[in-house]
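What follows is each chain in one-letter form.
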Amino acid sequence: MEGPSGYYLTSMKDLPEDCLNFIFQRLECNSDRESFGLTCHRWLHIQNINRLFLQFQCSFTQLDLSSLSQTSPTISSFHLNRLLTRFQQLESLSLSGCTELPDSGLTPLQYYGSRLQKIFLDCCFRITDEGLSLIAIGCPSLTLISLYRCNITDVGLQNLAESCLGLKDVNLSYCVLISDHGLRALSQKCSQLRAVSVSFCKGVSGVGFRGCCSPTLAYLEAESCKLEPEGITAIVNGGGLEYLNVSNLRWCIAGDGLAAIGGAGLGTKLRVLNLRMCRSVSSESVAAIAKGCPFLQDWNLSICHEVKIPGWKAVGENCNNLEIIHLNRCRNLCDHGLQALRDGCRRLRIMYITGYYQVSVPAMEMFKWSRSDVQIKEEEITTVPNWPFR
C-alpha cells in the first residue's frame, strides 16, 4: 500500500520469517517469549521452531523430594508425537519422572528425534531395551543420555552405542542389569566419552574399560560398585580422569587395589577424588595416590579407617595443590596425622571433619592457630557439585 507521501506502508505481517526469528531470539524475558506466540499463527510458528528444550512438569534433571512427590502424568506415544511434531527443532528432551511411560511411548523419536542431543529418562521405570532401541534408531546425534533407574540391559546399551557414536555423557546409575559387557561396548564404540555414571550397578567390576578407556573420559561415578583391582587399573588407564568417585567399596574389593589410581603417571589430571567409606584403603595406597596425583584439589577420605600416620604424612608432603579435604569419622586420624596435614598442604582452605576421636583438643586448637587460613567445617559432604548430570 502506498502512503500519502509516496512511500509504501509495511505492517508486521509483511516481515520475512528471518526478521521475526531475529526479533524472537533477542527477547530476554521468558514471559515475553511465551507471549510471542499468542499474537497470531505465524508468530506461534516462529516460537515453536525456536524451542530447543522441552521438559514436562513432572520432570526433573536434579533428583529432589518435590519431584518424586508429584503425580506422574500418563505420557503416551500420541502426546509425544503431537509435541515433537510441533517442536521439530528440539535439542534437549526431559521425560524424567514419567514413571508409567512405556517403550511404545518413544516411537515418535524414530521420526522426529534426529536433532536431539540430550535426553533425560530418569526414573522411567518401564523403559527397557526396546525403548532404548527406538532412541538408538531415531536419535543418532545424541551426546547425552540419562537412564537413571531404567530397566535396561547390556543388549540395549550395545544397540545405543552402535548407533550414537557421538555420545559423551551417559548416566547408568542404578541400572542394575548392566554389566561390564555393556560398558565395553560403550567404551569401544563411543570414542568421545566424557562422563559416565555406573553407581550402584552391582554387575560392574570395571574390567569393561580394559583396553578401551578413552583418554577423553574425564568424569566417572562408580559408587557402591563391585570394583576389582583390575577394574580400577582399567578405569584410570585412559589418563584423562579429572573426577573419580569410587566411594563405598568397603565390602567389594579384595585387599586394597586403589593404589592403581596413582600409578604409572595416569592420575596427573585428577582434581577430585571421592574415597568416602572405602574402609579398607591403606596408608600405602593413600601414599601412592598422593604421590601420583599431584594436582588433587578435593579429596574425600571420610570413614577411611585404615589410613594411619604414614598415609597422613604422605598427603601432607605431596598434596601441594589440595584445597579441600574430608576427614569425617576417620578412626585412625590422630594428633600426629593432623600435624602432618597442618605442616603440609599449603593451599588447603577447607577441612570437613567430625568424629575425630583420637585427635586431642590441644592438637585441634594448634591446627586452628597455625592454619588460620583453613576453614574447619564440622559437617559431612557426600556429593560434589558441577557433576554433569546434576
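For the structure, check the block above.
Residues numbered from 1 in each chain as written. Predicted model: local features only at pLDDT ≥ 70, side-chain atom pairs only at ≥ 80, totals over all residues. Heavy atoms only, no water.

A.B. asks: What is the right way to look at the overall build of the protein chain in this model?
C.D. replies: Along its length, the protein chain carries 14 helices and 13 strands. Expressed as a percentage of its 390 residues, the buried residues of the protein chain come to 51%. For the protein chain, restricting intrachain contacts to residue pairs at least 6 apart in sequence, the fraction spanning at least 24 positions comes to 74%. Here the protein chain displays about 18,000 Å² of accessible surface, and carbon together with sulfur accounts for 51% of that area. (Helix = DSSP H or I, 4+ residues; strand = E, 2+ residues; numbered from the N terminus. Buried < 20%, exposed > 50% of the residue type's maximum accessible area, 1.4 Å probe, protein only. Contact = heavy atoms within 4.5 Å. Areas by Shrake-Rupley, 256 points an atom, 1.4 Å probe, with all protein chains shown as cover.)

A.B. asks: What's the story with the packing of aromatic side chains in this structure? I'm lost.
C.D. replies: Enumeration according to the criterion identifies three aromatic pairs in this entry. Measuring from ring centre to ring centre gives 4.4 Å for Y174 and F200, while their planes differ by 10°; the resulting arrangement is stacked. You can see Y174 sitting in the loop between β5 (169-171) and α9 (180-189) and its partner F200 sitting in the loop between β6 (195-197) and β7 (219-221), a full 26 residues away along the chain. Measuring from ring centre to ring centre gives 6.0 Å for Y219 and Y243, while their planes differ by 40°; the resulting arrangement is tilted. With Y219 in strand β7 and Y243 in strand β8 (residues 243-245), this pair connects stretches of sequence that are 24 residues apart. Put simply, the rings of Y148, Y174 and F200 touch in pairs and so form one group of aromatic residues. Geometry around Y174 places R149 over its ring, the cationic atom sitting 3.9 Å from the centre. (Phe/Tyr/Trp six-rings, centres within 6.5 Å; stacked < 30°, edge-to-face > 60°. Lys NZ or Arg CZ within 6 Å of the ring centre and 35° of its normal.)

A.B. asks: Sorry if this is basic, but what is going on with the nonpolar core here?
C.D. replies: Looking at soluble globular proteins, one finds that nonpolar side chains tend to be buried together. If you look at the biggest cluster of nonpolar residues, it comprises 98 residues, and the most contacted ones within it are L95, L106, I135, I145, I261, L275 and W299. If sequence neighbours within four positions are ignored, I135 has contacts with L106, L109, I119, L121, L142, I145 and L160. If you look at the next biggest cluster of nonpolar residues, it comprises five residues, including A218, Y219, Y243 and V272. (Core = buried A, V, L, I, M, F, W, Y, C linked by side-chain atoms within 4.5 Å.)

A.B. asks: I would appreciate a short explanation of the pattern of salt bridges in the present structure.
C.D. replies: Side chains that differ in sign of charge can pair as their charged atoms come close. By the definition in use, this model includes eight salt bridges. Close ionic contact of K368 with E365 constitutes a salt bridge, the shortest N to O distance being 3.8 Å. Residue K368 and its partner E365 are both found in helix α14 (residues 361-370); the two are separated by three residues, about one turn of the helix. Its relative accessible area of 44% is what places E365 among the partly exposed residues. Note that R371 is salt-bridged to D373, the shortest N-O span being 3.2 Å. According to the relative accessible area criterion, R371 is buried, its value standing at 2%. Residue D373 is classed as partly exposed on the basis of its relative accessible area, which comes to 43%. (Salt bridge = Lys/Arg side-chain N within 4 Å of Asp/Glu carboxyl O.)

A.B. asks: I would appreciate a short explanation of the state of the cysteines in the present structure.
C.D. replies: Every disulfide links exactly two cysteines, by a covalent bond between their sulfur atoms. As enumerated under the stated definition, the model contains zero disulfides in all. Between C213, a cysteine without a disulfide, and C212, which holds the nearest cysteine sulfur, the sulfur-to-sulfur distance is 7.4 Å. Classification of C213 as buried rests on a relative accessible area of 13%. The structure places no disulfide on C319, whose sulfur is separated from the nearest cysteine sulfur, that of C345, by 5.7 Å. Owing to a relative accessible area of 1%, C319 belongs among the buried residues under this scheme. (Disulfide = S-S within 2.5 Å.)

A.B. asks: How should the packing of helix α7 (residues 129-138) against helix α8 (residues 154-163) be read in this particular structure?
C.D. replies: Think of two packed helices as two axes; the pair is described by the angle between the axes and how far apart they sit. The geometry of α7 relative to α8 is characterised by a closest axis approach of 8 Å and an angle of 0° between their N-to-C directions. Relative to α8, α7 is oriented roughly parallel. Each of D129, L132, S133, I135 and A136 in α7 lies in contact with α8, whose residues at this interface are V155, G156, L157, N159, L160 and S163. Within the contact of α7 with α8, the residues separate by chemical class into six nonpolar, four polar and one charged. (Axes fitted to C-alpha atoms, helices over the stretch in contact; angles between N-to-C directions. Parallel < 35°, antiparallel > 145°, perpendicular 65-115°, else oblique. Nonpolar A, V, L, I, M, F, W, Y, C, P; charged D, E, K, R; others polar.)

A.B. asks: I'm lost on helix α11 (residues 283-292) in this one. Help?
C.D. replies: Because each turn of an α-helix spans 3.6 residues, side chains separated by three or four positions in sequence point in the same direction. For α11, a buried count of seven out of 10 residues is recorded, marking the element as mostly surrounded by other parts of the structure. Listed as buried for α11 are S283, S285, V286, A287, I289, A290 and G292. Structurally, α11 contributes buried residues whose contacts are with β9 (272-274), β10 (298-300) and α12 (309-318).

A.B. asks: What exactly am I supposed to notice about the side chain of N245 here?
C.D. replies: Mapped onto the fold, N245 is located in strand β8. The class of N245 is buried, set by a relative accessible area of 3%. In terms of polar contacts, N245 uses its side chain to reach the side chain of E221, at 2.6 Å. Sequence-distant contacts of N245, that is, excluding residues within four places in its chain, are made with L220, E221, A222, E223 and N274. (Polar contact = N/O pair within 3.5 Å; in protein donor to acceptor, adjacent residues only side chain to side chain.)

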